[in-house]
Amino acid sequence: MNSKKPDLSWKNLWNPNLGAPAALLILYVANAVFTPRFATVSNTLNMLLQVSTTMFIAVGMTFVIASRGIDLTVGSTMALVSVIVALLIKYGITVAISFALCCALLVGLLNGFLISRLKLDPLITTLAALILWRGVAQVIGDGQLVPFTHPTFEALGKGYLGFIPIQVVIAAVVIAGAFFCIRSTLFGRQIVAVGGNEKAARLAGIRAERVKYIVYIVSALLAGLAGLVETARLGMGDPSKVGVNAEFEAIAAVVVGGTPFSGGRANVLGTVVGALIMQVISTSFNMLLIPFTWSLVLKSVIILFAIFLQRPKEV
């Protein structure tokens, strides 16, 4: 009979699937008690509205990080799409959106080629691409705001389906699709396998290069979608401000949500919770009139704590 007692230390009691939702619940309840008008329907919908674009890119980032990669180009891709759709919207919404998303696809293809085919380091490669595509966006837009008027397109960022913002509905569809992909498809299992042990995945017959291509393409297209929504909301293209720090918000959501940097696991719903945690912090600090910089400090502490909990355990 095994009489060994289980280890009940707080490190082992932490469950990555429950820790983030519990933290979100505590934050929401605490703010409902101490922050006036926080727990209202209008404020909750407003938080969902503000976090929806982060969810787009965070879902794509979940795929990339689960495959043991990183994508720092998502913010620049948003800026590139923003200026292109603003410049082309006068030729029709179909032309503008199609061309803008094709440019996002090009970003993903290039990232996939450099990382999967040329075996370049994902961090350095996408860091260089971040600078490249932000520069291209500013060149195309001549460094200026690109205003436009197109009610149909602007509804993408300002419209409502009943009482729910359209971009929140789109985010829900994206999240549901990503969850289904990871949990119920062969490709989802291949992402996890490549991130867990690429060499073993290859021996099992998985085409790791193809998997990496697709995850970077998915990440870029979702960043492009976020750029379209943000541009529609603003009513103008902004090559300098759209997508700034978006990659860091996405990475924070993914890590806090329980998808480790070491790859091999993808927690889409955890990523959603992680994004909501960051948004609740930002909103509560704003409503309590606490300087925004303090929210950055708290977010950084939370990210470091999440990484600490995910560190490899000593044998």
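Residues numbered from 1 in each chain as written. Predicted model: local features only at pLDDT ≥ 70, side-chain atom pairs only at ≥ 80, totals over all residues. Heavy atoms only, no water.

### Remarks on the pattern of salt bridges
The tally for this structure, following the rule as stated, stands at seven salt bridges. Note that Lys158 and Glu154 form a salt bridge whose closest N and O atoms lie 2.9 Å from each other. A residue pair is termed a helical-turn pair when its members lie 3 or 4 positions apart in one helix, as Lys158 and Glu154 do in helix H7 (residues 151–158) at four residues. Among the residues examined, Glu154 registers a relative accessible area of 14% and is labelled buried. Arg233 is the partner of Glu230 in a salt bridge, and the nearest nitrogen-oxygen pair spans 2.7 Å. (Salt bridge = Lys/Arg side-chain N within 4 Å of Asp/Glu carboxyl O. Helix = DSSP H or I, 4+ residues; strand = E, 2+ residues; numbered from the N terminus. Buried < 20%, exposed > 50% of the residue type's maximum accessible area, 1.4 Å probe, protein only.)

### Focus on unusual backbone geometry
At Asp142, a position not held by glycine, the phi torsion is positive, near 55°. Turning to its location among the elements, Asp142 is positioned in the loop between helix H6 (122–140) and strand S1 (146–147). Looking at Asp142, the relative accessible area reads 61%, which means it is exposed. Phi at Leu289 is positive, roughly 60°, even though this residue is not glycine. By the secondary structure assignment, Leu289 is in the loop between helix H13 (268–287) and helix H14 (292–310). Of the residues examined, Leu289 reaches a relative accessible area of 76% and is grouped as exposed.

### With respect to the UniProt feature "transmembrane region" (unreviewed entry) in the protein chain
UniProt marks residues 48–65, 72–89, 95–115, 122–140, 160–182, 211–229 and 288–309 with the feature "transmembrane region" (unreviewed entry), using the numbering shown here. Its end C-alpha atoms 30 Å apart, residues 288–309 is made of 82% helix and 0% strand. (UniProt positions renumbered as here; feature names shortened; annotations may be inferred.)

### A closer look at the nonpolar core
A general tendency of soluble globular proteins is for nonpolar side chains to be buried together. In this structure, Ile57, Met61, Phe63, Ile191 and Val215 are the most contacted members of the largest nonpolar core, which totals 61 residues. Among the secondary structure elements, those contributing two or more residues to this core are helix H2 (16–34), helix H3 (41–66), helix H4 (74–88), helix H8 (166–184), helix H9 (186–196), helix H11 (208–234), helix H12 (246–256) and H13. Take this core: its biggest share by element is twelve residues, from H3. For Phe63, the contacting residues outside a window of four places in its chain are Ala178, Cys181, Ile182, Ile191, Val215, Val218 and Val268. If you look at the next biggest cluster of nonpolar residues, it comprises 22 residues, including Val107, Trp133, Phe148 and Ala232. (Core = buried A, V, L, I, M, F, W, Y, C linked by side-chain atoms within 4.5 Å. Contact = heavy atoms within 4.5 Å.)

### Section: the side chain of Ser67
For Ser67, the location among the structural elements is in the loop between H3 and H4. Take Ser67: its relative accessible area is 4%, and that puts it in the buried class. There is a polar contact of 2.6 Å between the side chain of Ser67 and the backbone oxygen of Val64. Not counting the four nearest positions on each side in its chain, Ser67 is found in contact with Ile191, Val194, Gly195 and Val215. (Polar contact = N/O pair within 3.5 Å; in protein donor to acceptor, adjacent residues only side chain to side chain.)

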